[in-house]
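Report on the structure
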Amino acid sequence: MLYLGPTLFGFLLGFILGSRIKNNPESEMHFPYSSYIVVIIAALYMAWQLGPFPYYVDSPLASGFVACIIGIFAGKIVFGRQPTKT
């Protein structure tokens, strides 16, 4: 059985955090697409190590954690903040 509470809360939290991420052109930090792939792989590994919430048997992964990572990327794509020009 799929429990929607942790999944929805994780996605909502990730979506809010993702919408706050912005790129700063003056910053020396640049993230190529390969760094996002590494983050996704590391997040899936961490979710597998965390395991499901107690008494949940929907998947071997922590579904709330996976939803949060997906929410971060979705929030960045949909509402990613652009730097303001002064």
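**Brief notes about a nonpolar patch on the surface**
Together, F9, L13 and L17 make up an exposed nonpolar region whose accessible area comes to about 300 Å². Secondary-structure assignment places F9 in helix α1 (residues 4-19).

**Comments concerning the packing of α1 against helix α3 (residues 63-79)**
Closest axis-to-axis distance for the α1/α3 pair is 6 Å, and the angle between their directions is 35°. For the crossing formed where α1 meets α3, the hand is right-handed. When α1 is examined against α3, the residues P6, T7, G10, F11, G14, F15, L17, G18 and S19 are found in contact with a partner set consisting of S63, G64, A67, C68, I70, G71, I72, A74, G75, K76, V78 and F79. Considering only residue class, the contact of α1 with α3 consists of eleven nonpolar, nine polar and one charged.

**Focus: α3**
The end-to-end C-alpha distance of α3, which contains 17 residues, comes to 23 Å, matching closely the 24 Å that a straight helix rising 1.5 Å per residue would cover. Among all positions of α3, only S63, G64, V66, A67, C68, I69, G71 and G75 are buried. Taken together, the buried residues of α3 touch α1 and α2 (33-50).

**Looking at the packing of aromatic side chains**
By convention here, two paired aromatic rings are described through the distance between centres and the angle between planes. With the rule as written, the count across this model stands at two aromatic pairs. Relative to W48, the ring of Y45 lies with its centre 6.1 Å away and its plane at 45°, an arrangement referred to as tilted. Separated by three residues within a single helix, Y45 and W48 lie in helix α2, roughly one turn from each other. Exposure remark for W48: the relative accessible area of 48% places this residue in the partly exposed category.

**Quick look at α2**
With 18 residues, α2 should cover 26 Å at 1.5 Å per step; its first-to-last C-alpha distance of 26 Å lies within 8% of that length. In the stretch just after α2, G51 is the one whose phi turns positive, near 75°.

**Observations regarding the environment of C68**
Tracing the backbone shows C68 in helix α3. Between the alpha carbons of C68 and F9 there is a distance of 8.0 Å; along the sequence they are 59 residues apart. Not counting residues within four places of it along the chain, the set of residues in contact with C68 comprises G10, F11 and G14.

Thresholds, definitions, all that
Residues numbered from 1 in each chain as written. Predicted model: local features only at pLDDT ≥ 70, side-chain atom pairs only at ≥ 80, totals over all residues. Heavy atoms only, no water. Patch = residues over 30% accessible without salt bridge, like charges linked within 9 Å, V, L, I, M, F, W, Y side chains within 5 Å. Areas by Shrake-Rupley, 256 points an atom, 1.4 Å probe, with all protein chains shown as cover. Salt bridge = Lys/Arg side-chain N within 4 Å of Asp/Glu carboxyl O. Helix = DSSP H or I, 4+ residues; strand = E, 2+ residues; numbered from the N terminus. Axes fitted to C-alpha atoms, helices over the stretch in contact; angles between N-to-C directions. Left-handed = near helix turned anticlockwise from the far one by under 90°. Contact = heavy atoms within 4.5 Å. Nonpolar A, V, L, I, M, F, W, Y, C, P; charged D, E, K, R; others polar. Expected span 1.5 Å × (residues − 1). Buried < 20%, exposed > 50% of the residue type's maximum accessible area, 1.4 Å probe, protein only. Phe/Tyr/Trp six-rings, centres within 6.5 Å; stacked < 30°, edge-to-face > 60°.

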